[in-house]
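A structural walkthrough
Each chain is listed here by its residues.
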Amino acid sequence: MTLRLEVEHLEVRYGDLIGVADVSLRVEEGHIVALLGSNGAGKTTTLNAIAGLVRPSAGTIRWRGEEIGGMPAYAIVPKGLALSPEGWRLFVNQTVEQNLRLGATALRDKSRIPQLLDRVFGIFPRLAERRRQSASTLSGGERQMLALGRALMSEPKLLLLDEPSLGLAPAVLETLYDTLWKLHQEGLTLLLAEQTVPLALDIADYGYVLQTGRTVLEGNLPPCRVYVAPSSPASAASSSCPSPPEGKRCPYRSSVIANDACPSCSCTVLSGSSTPPSASRLMHQLA
Ligand SMILES: Nc1ncnc2c1ncn2[C@@H]1O[C@H](COP(=O)(O)OP(=O)(O)OP(=O)(O)O)[C@@H](O)[C@H]1O
Ligand SMILES: [Mg+2]
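Only a predicted model underlies this, so the values are computations on that prediction, with no experimental measurement involved.

**With respect to the overall build of the protein chain**
Looking only at helices and strands, one finds 11 helices and 10 strands in the protein chain. The burial tally for the protein chain puts 39% of its 287 residues in the buried class. Across the protein chain, contacts joining residues at least 24 apart in sequence account for 70% of those joining residues at least 6 apart.

Here you go:
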């Protein structure tokens, strides 16, 4: 598979302060990679360095074999990288449509803008209804949609997403993740920084954990197992499984393992409880 993005020993300084000390990661075509870590771990700094918003002080950032570390954002966007930034960074005095059009600034073929606008409005009908509304009047969820839509307007090959879940209600968050999954199935590669791990884990197939500016853990994220709830109390009672394992319902990659059998016995009627993994369990999941 084609290697897309390769970051090696990235260091970013803010004056005397270190933003990230030593981050290395790879994102290959067709994958969703999660960048996990708590407050101040260096997720935003890493994404901003890749997107050309901050300059690395050491290390390399290669995109399709080309060194892009230190290039300005306006030179990086046309290469197929787009950032949906933390806190959205919208132009709040502009309308929804104007914000979206600004996302297409780097596009060489401007005649594609109407088509791209239609595509974003198709993905997020709420933005279509509010296209002439000022971005300052949008709700948190709508602002997140707009930030994502603006990033999509440059037709990226790799989308960098900085904490898309921030401040969103669970239902809005699930819709957003459904959209990300759909975009991924249409061919978009994603590097997803998150603090809230459960949904990022459901969607990503590889993960890196950052701690105080360093990559401390990486590994494949196994497809989650789907434990199907018994369809009726009667079938539950007839289940031969004495202690169904704790199950996690994964809305994304379920088809791969929908018929998975209970690991503790041969029954296939399993618990339908939905327990997202905690951060500590995630650390164990990362092989
Ligand atoms: N503009 C800046 N000036 C000085 N220090 C900064 C600046 N931006 C970030 N930092 C520092 O760099 C470190 C990494 O911050 P960063 O924002 O990358 O973390 P993060 O993983 O995105 O955290 P969060 O989950 O809270 O968004 C932190 O110690 C932070 O204080
Ligand atoms: Mg951040």
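Structure shown, so let's carry the discussion forward.
**Thoughts on the site of ligand 1**
Close to ligand 1 lie 13 residues, the nearest being Y14, N39, K43, T44 and T45. Elements supplying a minimum of two residues to the shell around ligand 1: β2 (17-28) and α1 (43-51). Ranked by the residues each element gives to the shell around ligand 1, the list is headed by α1, at three residues. Across the shell around ligand 1, the residue classes tally to three nonpolar, eight polar and two charged.

**Some thoughts on the environment of Q211**
Positionally, Q211 belongs in strand β9 (residues 206-211). Overall, Q211 belongs to the partly exposed group, with 14 C-beta atoms counted inside 10 Å. The contact partners of Q211, leaving out residues within four places of it in the chain, are G37, A41 and V216.

**Things to note about the pairing of strand β6 (residues 81-84)**
Side chains L81 and L83 project from β6 onto one buried face, and the interleaved A82 and S84 project onto a second face that is buried too. As defined by bridge partners, β6 adjoins strand β7 (residues 158-162) across four bridges and the pair is classed as parallel. In the sheet register, L83 faces β7, and the bridge partner there is L160.

**As for the packing of helix α3 (residues 96-103) against helix α6 (residues 140-152)**
It is at 7 Å that the axes of α3 and α6 come closest, and there the two elements cross at 35 degrees. Judged by the sense of rotation from one axis to the other, the crossing of α3 with α6 is right-handed. Across from V96, N99, L100, L102 and G103 in α3, the residues of α6 making contact are L146, G149, R150 and A151. When grouped by side-chain class, the residues that make up the contact of α3 with α6 number five nonpolar, three polar and one charged.

**A look at the nonpolar core**
Judged by nonpolar contacts, the single largest core of 65 residues is most densely connected at L35, I50, L81, L146, L160, L192 and A204. Considering every element that reaches this core, the biggest residue donor is α6, with six residues. Leaving out residues up to four positions away in the same chain, A204 has contacts with I32, V33, A34, L192 and L221.

**Some remarks on the pairing of strand β3 (residues 32-36)**
Counting buried positions over the five residues of β3 gives five, a clear majority of the element. Across the two faces of β3 the burial is the same, with I32, A34 and L36 and V33 and L35 all buried. Bridging between β3 and strand β8 (residues 189-194) involves five bridges; their strand directions are parallel. Looking at the pairing, L35 lines up with A193 of β8.

**What about α1?**
A large share of α1 lies buried, amounting to nine of its nine residues. For α1, the set of buried residues is K43, T44, T45, T46, L47, N48, A49, I50 and A51. The positive-phi residue at the C-terminal boundary of α1 is G52, with phi of around 85 degrees.

**Focus: the environment of D118**
Residue position: D118 is located in helix α4 (residues 113-123). Judged by the 11 C-beta atoms lying within 10 Å of it, D118 is exposed.

Each value, and the rule that gives it
- Residues numbered from 1 in each chain as written.
- Chains lettered and ligands numbered in written order.
- Predicted model: local features only at pLDDT ≥ 70, side-chain atom pairs only at ≥ 80, totals over all residues.
- Helix = DSSP H or I, 4+ residues; strand = E, 2+ residues; numbered from the N terminus.
- Buried ≥ 20, exposed ≤ 12 C-beta atoms within 10 Å, placed from the backbone.
- Contact = placed C-beta atoms within 7 Å.
- Near = placed C-beta within 6 Å.
- Nonpolar A, V, L, I, M, F, W, Y, C, P; charged D, E, K, R; others polar.
- Pairing = 2+ DSSP bridges.
- Axes fitted to C-alpha atoms, helices over the stretch in contact; angles between N-to-C directions.
- Left-handed = near helix turned anticlockwise from the far one by under 90°.
- Core = buried A, V, L, I, M, F, W, Y, C linked by C-beta atoms within 7 Å.

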